[in-house]
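# Overview (structure and organization)
Here's the letter readout for the chains.
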Amino acid sequence: MKKFALIYIPLFLLLTSCEKELDFHYHDVDRQLVIEGSLTRHGADVSLRNTTPMDEPMDRTPITDATVTIRDLTDGTCEHLYADAEGIFRNDTPGIVGHDYRLEVKRGEKNYASVCTMTSATDITGLEFQWIKMPYDYVAVLQVSFTDSPGTGDCYWVRLTRNGRAYRWTMVDDSHAEDGIINEVIMTTRKDIGEEDEKSLLLPGDVVGVTVTPISQDMLDYLMALEADSNGPRMFDGDYCLGYFIAAPVADSSIVFNPDDMTEYK
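Read on for an overview of the structure.

### Focus: the pattern of salt bridges
- For the coordinates displayed, the defined rule picks out nine salt bridges.
- Across the salt bridge formed by Arg49 and Glu36, the nearest N and O atoms sit 3.1 Å from each other. Of this pair, Arg49 sits in strand 2 (residues 43–50) while Glu36 sits in strand 1 (residues 33–40), and the two are 13 residues apart along the sequence.
- Judged by its relative accessible area of 16%, Arg49 is buried.

### Observations regarding the pairing of strand 13 (residues 207–215)
- Across the nine residues of strand 13, seven count as buried, placing the element largely inside the fold.
- Summarising the sheet, strand 10 (residues 155–162) and strand 13 pair through eight bridges and their orientation is antiparallel. Along strand 13, the bridge assignment pairs Arg159 with Thr211.
- Across six bridges, strand 13 lies against strand 16 (residues 251–256) in antiparallel orientation. Looking at strand 16, one finds that Gly209 is bridged to Ser254.

### Things to note about the sheet that holds strand 10
- With antiparallel pairing, four strands are arranged side by side in an open sheet as 11-10-13-16. Taken across any chain shown, the strands that pair with only one partner, and hence form the sheet edges, are strand 11 (165–173) and strand 16. If you compare each strand with its neighbour and ignore which way they point, the axes differ by 20° on average.
- As defined by bridge partners, strand 10 adjoins strand 11 across eight bridges and the pair is classed as antiparallel. By the bridge assignment for strand 11, Arg159 is matched with Trp169.
- Those strands touched by helix 2 (residues 217–227) are strand 10, strand 11 and strand 13, and its axis lies near 125° from that of strand 11.

### Focus on the environment of Ala44
- Positionally, Ala44 belongs in strand 2.
- According to the relative accessible area criterion, Ala44 is buried, its value standing at 2%.
- C-alpha separation for the pair Ala44 and Glu79, spaced 35 residues apart in sequence, amounts to 9.5 Å.
- In contact with Ala44, other than residues within four places in its own chain, are Ser38, Leu39, Ile70, Leu81, Phe89, Arg90, Asn91 and Thr93.

### Brief notes about the nonpolar core
- By size, the foremost hydrophobic cluster in this structure holds 33 residues, and its most contacted members are Ile35, Leu48, Leu103, Met219 and Phe245.
- Of all the secondary structure elements, the ones that give two or more residues to this core are strand 1, strand 2, strand 3 (67–72), strand 6 (100–107), strand 7 (110–117), strand 10, helix 2 and strand 15 (242–247).
- With sequence-adjacent residues up to four places away left out, Met219 is seen in contact with Trp157, Met235, Tyr244 and Ile246.
- Judged by nonpolar contacts, the second largest core, of 24 residues, contains Leu127, Val208, Ala251 and Phe257.

### Digging into helix 2
- Of all the residues in helix 2, the buried ones are Met219, Leu220, Tyr222, Leu223 and Ala225.
- Of the surrounding secondary structure, the elements contacted by the buried residues of helix 2 are strand 10, strand 11, strand 13 and strand 15.
- Note on helix 2: the residue one or two positions beyond its end, Asp229, has a positive phi of about 60°.

Cut-offs applied
- Residues numbered from 1 in each chain as written.
- Predicted model: local features only at pLDDT ≥ 70, side-chain atom pairs only at ≥ 80, totals over all residues.
- Heavy atoms only, no water.
- Salt bridge = Lys/Arg side-chain N within 4 Å of Asp/Glu carboxyl O.
- Helix = DSSP H or I, 4+ residues; strand = E, 2+ residues; numbered from the N terminus.
- Buried < 20%, exposed > 50% of the residue type's maximum accessible area, 1.4 Å probe, protein only.
- Pairing = 2+ DSSP bridges.
- Axes fitted to C-alpha atoms, helices over the stretch in contact; angles between N-to-C directions.
- Contact = heavy atoms within 4.5 Å.
- Core = buried A, V, L, I, M, F, W, Y, C linked by side-chain atoms within 4.5 Å.

Shown next as structure tokens:
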């Protein structure tokens, strides 16, 4: 039996207000390069940007003064990526399942590299919205069903968009797969839209896009760290940077949110 440690906080501490102004002091930290790279059956995309200090507005200006290549360590070929009008480095050469790939980024005197094996594809077999009764309201949950590769220890990154813009994401392993299918349930919007915030709100007719990407255990650990507001494990060799590189086919599908057609479960 697992034992849980409980931390007791006196109720009056939770109810007492304090008007004293707190002066936080943050350590000055140099900006760090963030590399986000992916190789799929459609080619490669790599974005470069710098981190933003905590006391400054978010800066997502792309960095383009770098040399970016992807080497196929299995057959020895090398592809160069070039920045497009959006500042994203791209190349249309598809990845091959089972091949090992090395993403290399050189900027000035600094070098960064990450190796990943192109994983097998998955297929989305079903998308379904349902209303689930919660203590505070009915909530629309989206069940995403997709195939799991044979064997154990497989991990997946499930991402949702709302009308083409990033909306939700989660990660899952195959520990609960049944008959080769994983059914992942993701909570979305409340039924009472007047009580829902803009980040979660879905309206009738909204198109929810779904992508499922097979990932490594290291990438799963990285995403779990991000979810816990941490930078996560280091994913690149060479000079220090943040970010990730994944090589995997991406399964994608979409569903239209029609709340009047959804079944209610209590």
